[in-house]
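Listed below, chain by chain, are the residues.
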Amino acid sequence: MPDISDFASRSSMIASLETIKVHTEGAVLFAQIAVPPMNLLTPALVRDLVSLMQHAEADDTFKVIVFASAVPDYFIAHVDVTKVKEYREATAKLPGESSLGLLFRHISASRLVTIAQVEGRTRGVGNEFALACDMRFAARETAIFAQPEPALGLIPGAGGVQHLTRLLGRARALEAILGSEDFTADQAERYGWVNRALPASELDSFVKSLALRIASFPASALAGIKTRVNAIGLADADDFIRDSELFVQSASRPETQKRIGAALQKGLQTRDGEMDFGRLIDELT
Amino acid sequence: MPDISDFASRSSMIASLETIKVHTEGAVLFAQIAVPPMNLLTPALVRDLVSLMQHAEADDTFKVIVFASAVPDYFIAHVDVTKVKEYREATAKLPGESSLGLLFRHISASRLVTIAQVEGRTRGVGNEFALACDMRFAARETAIFAQPEPALGLIPGAGGVQHLTRLLGRARALEAILGSEDFTADQAERYGWVNRALPASELDSFVKSLALRIASFPASALAGIKTRVNAIGLADADDFIRDSELFVQSASRPETQKRIGAALQKGLQTRDGEMDFGRLIDELT
Amino acid sequence: MPDISDFASRSSMIASLETIKVHTEGAVLFAQIAVPPMNLLTPALVRDLVSLMQHAEADDTFKVIVFASAVPDYFIAHVDVTKVKEYREATAKLPGESSLGLLFRHISASRLVTIAQVEGRTRGVGNEFALACDMRFAARETAIFAQPEPALGLIPGAGGVQHLTRLLGRARALEAILGSEDFTADQAERYGWVNRALPASELDSFVKSLALRIASFPASALAGIKTRVNAIGLADADDFIRDSELFVQSASRPETQKRIGAALQKGLQTRDGEMDFGRLIDELT
């Protein structure tokens, strides 16, 4: 495995990332998200994601990014619900983009091919990040997916509705979102939420092999195909903007604030409290 | 289980339903369709569905409706093919809506979350009703789905084409409709026709648990999410209107009338005759 | 099984086909593609497909066409990459259509119901032909599907992107195309690439039974339903035209020409060389 110093020499900026560990192999950039103890999608992580995308897109030697977690039990937990206002600042660096939804849409629309290698839990905005990646491969034993916003009174604001409805169809998307339940990797595979569920012991080599294979193909063909697929399967920016507005509105409702407050007391945003999110939600009502 | 009188006290109108038995638990309304011997979607049942939706939507204490069957072997059979003209009257009560397709689209677009708990056969318009519900959960041993209009020379007129094409994709929707075959719950699950197939013994508690869970979440979030999902996954009213026109045209063709006549002689619209619909169709040709 | 002479008497033109063996049974036309040794989609085969469609569409006695292969191990391999210019001539007979993509779209939009019975390998344009058919049933033991254009620097030009994105969803379509891997029938079934994977021993009777059943239904209903499903699930002609342009552009790039040249040396377009396409691609890089 190439040392991180290889990468640092190509871009001192990327070496400065605080919350993402990167190493490269050929045209593949491996990005490990490291925000212990539960990979909360903090404003700092958002700033690093923006930097990473900017620099990787500007470097023609990269074709593929693989996102994985450096933290046990969590891929990306979700936003820090106590810092909603800070996210707009964190995403302001990408030209014209000032919401998580548009940052994620930027990732989907990028010429770079992105793969989410999901081990552990990912919910809410964490799941929306995974959905923004071009492909998702999940560890059968550990990966867990949820879009549980309505349990708190929220409307998903960063693309979850857009992607889940297109991937799962109307009925399964409504079940997944309105039900706010945890989905196992196998169930997520059956619903088309992830490309495939694989044994945890095989996941790493499967993803690496696919990433290196794709990275061996001409960049112009990869970018051209992404453009054509996105013209069909990626929602318009307006749809992401509208969802973001609805999220903000739903977050400001007194009932939502009350539920978030109660959930924080029950263990929301703690590593242990979110190991069993279903129980946490059940205790709210 | 709460007595029906709880519900009657909340709405004398709903207590007057002739073809639907209702009881409530919290914000969930359980509606059991009871048109023995085979739950034909008679004009009387359509009138009751219109009343039920009108009153449930007007009552803020309701968030979820679960539709099930009170009749063995059938969820909803299909329309009464001898009374096609009477349906327009039955649906005329909903403002601006005068077809089964638009009634069903009204149910899909409603703020209320609707769940079809399918045991037994559902074909044609019965299947289109199930497809109009937000989610479908099917008893593995007994549920059977079909959209067999072309076998009689008909074009599905109440949303079957719209929903099946979006849920199953072009190829499987064409197979399902053009083939006019019965689909088991397991095959329907693999095709995305239903959310899940479950053992009959677990179906009731699974659906009830999900319904109560959803009903514990803030109504504004549920309605907001349905609006956004429907903007992607629910066809325009114009598409339902066009399908309804094509159904009427196809019903008036002499070959269709001849086939319907022959099918009625072979057992169409009889409880026993439709236990094996495939045989009935095969005998037509 | 009716003799081919039955069919010849109905249309001397179709009897003149050089690359397709046809026989009929009632309203079903069985077309076996026969371009040994690997069913390359040669200009001659394209001319015959155009003739077949023209005559079958003009003959009201036909309702369904089943396409299968008369050659072991291959359904349709792909285009002859050395004769790209000749295809435009071959498709020029259909009015207003002068690309493979528009020929295939014509097949999808036809009043005739088309079924691909896939045994053996089908890749690239061969796979795009299969996708243009209304349904695909695959032999579990032998069918293999791939859309491996990017491995050569190409963008799929005849509808593969349009169909795969709509059938598989954005993420699985990107995996399938960008990864350029061979998919087994079972994996293709899980992704919705084919309707069903069946044991090879059952495939023939399953497809024949379905074709005859559909062919027993009134033609006006079949055509009306196809029109309505296509309005949702079939891409516009403009999308096929754009993909065709991008294919031509991508084919003219020096890197693409170099890769095609190298692949021809490694066994591309040979029966043996393409038995293991993955190895062939891996050796390019």
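This one's a predicted model, so the numbers in the text were calculated from it and none came from an experiment.

What counts, and at which threshold
Starting afresh in each chain, residues are numbered from 1 along the sequence in its written order. To label them, take the chains in the order written and letter them from A, then take the ligands in the order written and number them from 1. In view of the model being predicted, local features appear only for residues whose pLDDT reaches at least 70, and side-chain atom pairs are presented and counted only at 80 or more, with totals across whole chains, interfaces and linings using the full set of residues. Calculated side-chain values reflect all of the structure's heavy atoms, with hydrogen atoms and water omitted. At least two DSSP bridges between two strands are required for those strands to pair. Under the scheme used here, helices are H or I runs from DSSP no shorter than 4 residues and strands are E runs no shorter than 2 residues, and both carry numbers assigned from the N terminus. Here a residue-residue contact requires only that any non-hydrogen atoms of the pair lie within 4.5 Å. For helices, the axis comes from a line fit to the C-alpha atoms of the stretch in contact; other axes are also lines fit to C-alpha atoms, and the angle between any two N-to-C directions lies between 0 and 180 degrees. Along the chain, pLDDT gives the predictor's confidence residue by residue, from 0 to 100. Superposing the copies works by least squares over the C-alpha atoms of residues that have pLDDT at least 70 in both of them. Throughout, the term roughly parallel applies to angles under 35 degrees, roughly antiparallel to angles over 145, roughly perpendicular to angles from 65 to 115, and oblique to all others. Here a crossing is called left-handed whenever its near helix is offset anticlockwise from the far helix by less than a right angle, and right-handed whenever the offset is clockwise. Lys, Arg, Asp and Glu make up the charged group, whereas Ala, Val, Leu, Ile, Met, Phe, Trp, Tyr, Cys and Pro make up the nonpolar group; the residues left over, Gly among them, are polar. Whenever Lys or Arg places a side-chain nitrogen within 4 Å of a carboxyl oxygen from Asp or Glu, that contact is recorded as a salt bridge. Accessible area is worked out with a 1.4 Å probe on protein chains only. A residue is then buried under 20% of its type maximum, exposed over 50%, and partly exposed in between. By definition, the buried area sums, over both parts, the 1.4 Å-probe accessible area that each loses when the two are put together. Definition of a polar contact: a pair of N or O atoms within 3.5 Å, with one able to donate and the other able to accept a hydrogen when the atoms are protein atoms, and with sequence-neighbouring residues admitted only if both atoms are side-chain atoms. Working definition: rings of Phe, Tyr and Trp (its six-membered ring) pair if their centres are within 6.5 Å, and the pair is stacked with planes under 30 degrees apart, edge-to-face with planes over 60 apart, and tilted otherwise. To sit over a ring, a charge needs its Lys NZ or Arg CZ within 6 Å of the ring centre and within 35 degrees of the ring normal. The definition of a right-handed crossover adopted here requires that, viewed with the strands pointing away, the path from the first strand over the helix to the second runs clockwise. A helix's residues, less one, multiplied by 1.5 Å, set its expected span. As defined here, a cavity is a set of points on a 1 Å grid over the protein atoms alone where a 1.4 Å probe fits but cannot get out. A pocket is an open set with protein on both sides within 12 Å along at least five of seven lines, and residues line them when an atom is within 4 Å of a point. Grid points are joined across faces, edges and corners, and a volume is the space filled by probe spheres set on the points.

**Q** Help me get a handle on the sheet that holds strand β8 (residues 144-146) of chain C, residues and values and all.
**A** Residues and elements named next belong to chain C. Overall, mixed pairing links the four strands, which are arranged β4-β6-β8-β9 in an open sheet. Unpaired on one side and paired on the other, β4 (74-76) and β9 (183-184) mark the two borders of the sheet. Helix-sheet contacts for helix α6 (residues 125-132) involve β4, β6 (121-123) and β8, and the interaxial angle to β6 is about 95°.

**Q** Tell me about the confidence of the model for chain A, residues and numbers included.
**A** A residue-level look at chain A finds 93% of positions with pLDDT of 70 or above and a mean pLDDT of 93. With a pTM of 0.95, the predicted complex shows an ipTM of 0.95.

**Q** Before we move on, can you summarise the relation of the copies chain C and chain B with the specific residues and values?
**A** Of the transformation superimposing chain C on chain B, the axial component is 0.0 Å and the angular component is 120°, with the fit at an RMSD of 0.0 Å. Taken together, these values place the two copies in the relation of a three-fold axis. When each C-alpha of chain C is compared by its distance to the rotation axis, Arg 190 of chain C comes out closest, at 4.7 Å.

**Q** Help me get a handle on the packing of helix α5 (residues 100-109) of chain B against helix α13 (residues 237-252) of chain B, residues and values and all.
**A** Residue and element names in this part refer to chain B. Where α5 meets α13, the axes come as close as 8 Å, and the angle between the chain directions of the two elements is 150°. Classed by the angle they form, the pair α5 and α13 counts as roughly antiparallel. Considering how the two elements wind past one another, α5 and α13 form a crossing that is right-handed. Contacts between α5 and α13 involve Gly 101, Leu 102 and Arg 105 from the first element and Ala 237, Phe 240 and Ile 241 from the second. Taken together, the residues that form the contact of α5 with α13 break down as four nonpolar, one polar and one charged.

**Q** If you had to explain the pattern of salt bridges to someone new, which residues and values would you point to?
**A** This structure, assessed with the given rule, holds 46 salt bridges over all chains. With a closest N to O distance of 3.9 Å, Lys 83 of chain A and Asp 80 of chain A form a salt bridge. On the basis of relative accessible area, Lys 83 of chain A is assigned to the partly exposed category, the value being 34%. Here Asp 73 of chain C and Arg 271 of chain C are joined by a salt bridge, their closest N and O atoms 2.4 Å apart. Here Arg 271 of chain C lies in the loop between α13 (254-266) and α14 (277-282) and Asp 73 of chain C lies in the loop between β3 (64-69) and β4, a separation of 198 residues in the sequence. Each member of the salt-bridge network shares a partner with another, and the members are Asp 134 and Lys 226 of chain A together with Arg 170 of chain C.

**Q** Account for the sheet that holds strand β10 (residues 196-198) of chain B, naming residues and giving values.
**A** Residue and element names in this part refer to chain B. Strands sit in the order β1-β2-β3-β5-β7-β10 across an open sheet of six strands; the sheet is mixed. For this open sheet the edge positions go to β1 (20-25) and β10, each flanked by a neighbour on one side alone. Averaged over all pairs of adjacent strands, the angle between strand axes in this sheet comes to 20°, irrespective of strand direction. Relative to strand β3 (residues 64-69), strand β2 (residues 28-33) runs parallel, the two sharing six bridges.

**Q** Please provide a residue-by-residue account of unusual backbone geometry, values included.
**A** In the segment running from Pro 36 of chain B into Pro 37 of chain B, the intervening peptide bond is cis, with an omega of 5°. Within the secondary structure, Pro 37 of chain B sits in the loop between β2 and α3 (43-58). Its identity is not glycine, yet Ser 180 of chain A carries a phi of approximately 55°, on the positive side. Along the chain, the position of Ser 180 of chain A falls in the loop between α9 (170-179) and β9 (183-184).

**Q** Break down the interface of chain C and chain B for me, with residues and values.
**A** Residue-level contacts link 33 residues of chain C with 35 residues of chain B. Between chain C and chain B, a total of about 2800 Å² is buried, with carbon and sulfur atoms accounting for 60% of that surface. Summed over the three residues of chain C that lose the most area to chain B, namely Arg 213, Ile 225 and Arg 228 of chain C, the buried surface amounts to 26% of that side. Between chain C and chain B we count six salt bridges in total. Between Asp 243 of chain B and Arg 228 of chain C there is a salt bridge, with the nearest N and O atoms lying 2.5 Å from each other. The interface formed by chain C and chain B includes 19 residue pairs in polar contact (both at pLDDT 80 or more). Elements represented by at least two residues in the side of chain C that touches chain B include exactly β7 (135-139), α10 (200-215) and α11 (219-233) of chain C.

**Q** Residues and numbers for the packing of aromatic side chains, please.
**A** As enumerated under the stated definition, the model contains 21 aromatic pairs over all chains in all. The interplanar angle of 70° and the centroid separation of 5.7 Å between the aromatic rings of Phe 104 of chain B and Phe 129 of chain B together place this pair among those described as edge-to-face. Placement of Phe 104 of chain B in helix α5 and of Phe 129 of chain B in helix α6 (residues 125-132) is noted, with a sequence separation of 25 residues between them. Exposure class is identical for Phe 104 of chain B and Phe 129 of chain B. Each is buried. Aromatic ring contacts, followed pair by pair, group Phe 67, Phe 75, Phe 104 and Phe 129 of chain A into a single cluster. Between Arg 172 of chain B and the ring centre of Tyr 191 of chain B, over which it is positioned, the NZ or CZ distance is 4.5 Å.

**Q** Report on the packing of helix α7 (residues 160-168) of chain C against helix α8 (residues 170-179) of chain C, specifying residues and quantitative values.
**A** Residue and element names in this part refer to chain C. Relative to each other, α7 and α8 sit at 135°, their axes nearing to 6 Å. What the angle tells us is that α7 and α8 run oblique. For the pair α7 and α8, the sense of crossing is right-handed. Counting all contacts with α7, which are made through Val 161, Leu 164, Thr 165 and Leu 168, the residues of α8 involved are Arg 170, Arg 172, Ala 173, Ala 176 and Ile 177. Each residue belonging to the contact of α7 with α8 can be placed in one class, and the counts come to six nonpolar, one polar and two charged.

**Q** Can you tell me about the interface of chain C and chain A, naming the residues and giving the values?
**A** If you look at the interface, chain C gives 35 residues, while chain A gives 33 residues. Scanning the region where chain C abuts chain A turns up six salt bridges. Across the pair Arg 170 of chain C and Asp 134 of chain A runs a salt bridge, and its minimum N-O distance is 2.8 Å. Where chain C touches chain A, the interface holds 19 residue pairs in polar contact (both at pLDDT 80 or more). For the side of chain C that touches chain A, the elements supplying multiple residues, two or more each, are α7, α8, α9 (185-191), α12 (237-251), α13 and α14 of chain C. Examining the composition of the side of chain C that touches chain A, we find that eight residues originate from one element, α8 of chain C, more than from any other.

**Q** Got a sec to walk through α9 of chain A? Specific residues and values, please.
**A** Residues and elements named next belong to chain A. The buried fraction of α9 is high, at ten of ten residues. Buried within α9 are the following residues: Arg 170, Ala 171, Arg 172, Ala 173, Leu 174, Glu 175, Ala 176, Ile 177, Leu 178 and Gly 179. Two residues or fewer after α9 comes Ser 180, characterised by a positive phi angle close to 55°.

**Q** Any chance you could break down the pairing of strand β3 (residues 64-69) of chain A for me, citing the residues and the numbers?
**A** Residue and element names in this part refer to chain A. Buried residues dominate β3, accounting for six of its six residues. Side chains Val 64, Val 66 and Ala 68 project from β3 onto one buried face, and the interleaved Ile 65, Phe 67 and Ser 69 project onto a second face that is buried too. In this fold, strand β2 (residues 28-33) hands off to helix α3 (residues 43-58), which returns the chain to β3; that crossover is right-handed. Two elements, β3 and strand β5 (residues 113-118), share four bridges in a ladder whose sense is parallel. Bridge pairing links Val 66 to Ile 115 in β5.

**Q** Quick rundown of helix α11 (residues 200-215) of chain B? Include the residues and the values.
**A** The α-helix advances 3.6 residues per turn, and as a result positions three or four apart in sequence lie on the same side. In this model, α11 of chain B (16 residues) spans 23 Å end to end at C-alpha, consistent with the 22 Å of a helix rising 1.5 Å per residue. Residues of α11 of chain B that are buried: Leu 203, Val 207, Leu 210, Ala 211, Arg 213, Ile 214 and Ala 215 of chain B.

**Q** I'd like a description of empty space enclosed by the protein, backed by residues and values.
**A** Counted under the stated rule, the structure contains three cavities of 30 Å³ or more. In this model, the largest cavity occupies a volume close to 150 Å³. Along the wall of the largest cavity there are 13 residues; nearest its centre are His 78, Val 81, Gly 124, Glu 149 and Leu 152 of chain B. Its residues assigned to classes, the lining of the largest cavity comprises nine nonpolar, two polar and two charged. Taken as a whole, the second largest cavity spans an internal volume of roughly 50 Å³. Taken together, Arg 170 of chain A together with Gln 162, His 163, Arg 166, Leu 167, Gly 233, Leu 234 and Ala 235 of chain B make up the full set of residues lining the second largest cavity.

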